[in-house]
Every structure is written in structure tokens, then in C-alpha cells.
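Survey of secondary and tertiary structure
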Amino acid sequence: MNRRTRWPSWLLGTLLCAGAQAQTGASAPCPDPADLTPSHLYGLWQISLWPDGGDETTTASRGALLFERHPEHAGSVRGELRRTAAWQDLTAQVSGDVTDGVFNLDESDDGVAMSAVWAGEPQDCGREIRGLRRPAEGRPASEQVLQFRLRKLPGWQ
């Protein structure tokens, strides 16, 4: 992805402070995880990452992820990840899908080489995904495996 999306700072601040809130009004039927399609992933997601073996209260990184339709692969999504870790702002390009109820995502710091792979399971009618983020093969041994939680933000349901 050559295009860089500029997110307003107020939006990023809102994402970091936003909690998962129930959307009011009529809701669509809850899809089975095996029936999730790329369109179920489109939108803005809040991210929390913490060390594997730890718990969510020891968050190592927080941020946001925007999924859009993948321009080259109809069965996939593409997006941009923005997060803060160890007092640094990090940006990465991502692409992935949900196949047979399993969420898979490839992350690239430079848009060329993979830096991490994500695998998880959709929950709560596809509005939450939990799993593991692993450093890609060939990455430094100092990079750790992290657990993650993605929560779809209200209004993007």
C-alpha cells in the first residue's frame, strides 16, 4: 500500500480512550464465526496487546486498526495499524482475512517484508477478536509473542 492515510489526532485520542460500548437500536443477526466475511471486518478497531502468559492488565501497547476492502484480493481486508508501545508511535500496514472462523493478519512495518503474523478467534458476533501476535520468521529473538484483543468500535458495526 503506497497511500498513507492521515488520521486526525482527535480520532486517535478518542480511540485510545474509548471502551467497548453496546450499540443501541436494532442489531443484525449474529453471524457464526465460520460465516464471517471481509465486510464484517471493515471499520475501525481498538487494539490492546500484552505479553503472552500475562493478563490484559499488563498492556504493552494500545492503538487502532482501520480495515478496508483489499483492492487486489476480494476475500481479504487491508488496513493501517497505529499503536503506541514503549513510548513510541508505531505504524504498520496489514492485510488479512477470516477463513473457517479463524482470523489471520500479516503485519508489515515497511510495506514490503512481514514483521508479524496475527492469528485469533472472533467472539461476540465478530465484534471482538482475541489471539496471538507473533514476530515473523527471521525477526530478532528479542521480539516477544503478544496476546491481543481487537474490539470493533461502535458506529462501525
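Before reading further, recall that the structure is shown in the block above.
All values reported here derive from a predicted model rather than from experimental measurement. (Residues numbered from 1 in each chain as written. Predicted model: local features only at pLDDT ≥ 70, side-chain atom pairs only at ≥ 80, totals over all residues. Heavy atoms only, no water.)

The subject of this paragraph is the environment of Pro135. Topologically, Pro135 is positioned in strand β7 (residues 128–135). Distance from Pro135 to Val145, taken between C-alpha atoms, is 6.6 Å for residues 10 residues apart in sequence. In this structure Pro135 touches Ser115, Ala116, Glu143, Gln144 and Val145, once residues within four positions along its chain are discounted. (Helix = DSSP H or I, 4+ residues; strand = E, 2+ residues; numbered from the N terminus. Contact = heavy atoms within 4.5 Å.)

Moving on, we get to the packing of aromatic side chains. In total, this model carries 4 aromatic pairs according to the counting rule given. Ring geometry for Trp118 versus Phe148: centroids 4.8 Å apart, planes at 55°, classification tilted. Taken together, the residues span a long stretch of sequence, with Trp118 in strand β6 (residues 116–123) and Phe148 in strand β8 (residues 146–152) at a distance of 30 residues. Taking relative accessible area as the criterion, Trp118 reaches 2% and is therefore assigned buried. With relative accessibility at 1%, the residue Phe148 sits in the buried group. By way of ring pairs, the aromatic residues Trp45, Phe67, Phe103, Trp118 and Phe148 are connected into one cluster. (Phe/Tyr/Trp six-rings, centres within 6.5 Å; stacked < 30°, edge-to-face > 60°. Buried < 20%, exposed > 50% of the residue type's maximum accessible area, 1.4 Å probe, protein only.)

Applying the stated rule across the entire model yields 1 disulfide. At a sulfur-sulfur separation of 2.0 Å, the disulfide partner of Cys30 is Cys125. Around the S-S axis, the bridge from Cys30 to Cys125 shows a dihedral of about -115° and counts as left-handed. Of this pair, Cys30 sits in the loop between α1 (9–17) and α2 (38–41) while Cys125 sits in the loop between β6 and β7, and the two are 95 residues apart along the sequence. (Disulfide = S-S within 2.5 Å.)

Remember that side chains alternate between the two faces of the sheet whenever the strand is regular. Counting buried residues in strand β3 (residues 77–85) gives 8 out of 9 residues, a clear majority hidden from the surface. Where β3 lies against strand β4 (residues 88–99), 9 bridges are found, and the strand directions are antiparallel. Bridging from a neighbouring strand, Val77 pairs with Gly96 of β4. Connecting the antiparallel pair β3 and β4 is a turn made up of 2 residues, with Ala86 showing a positive phi of about 50°. (Pairing = 2+ DSSP bridges.)

Taken by themselves, the reported measurements are silent on function.
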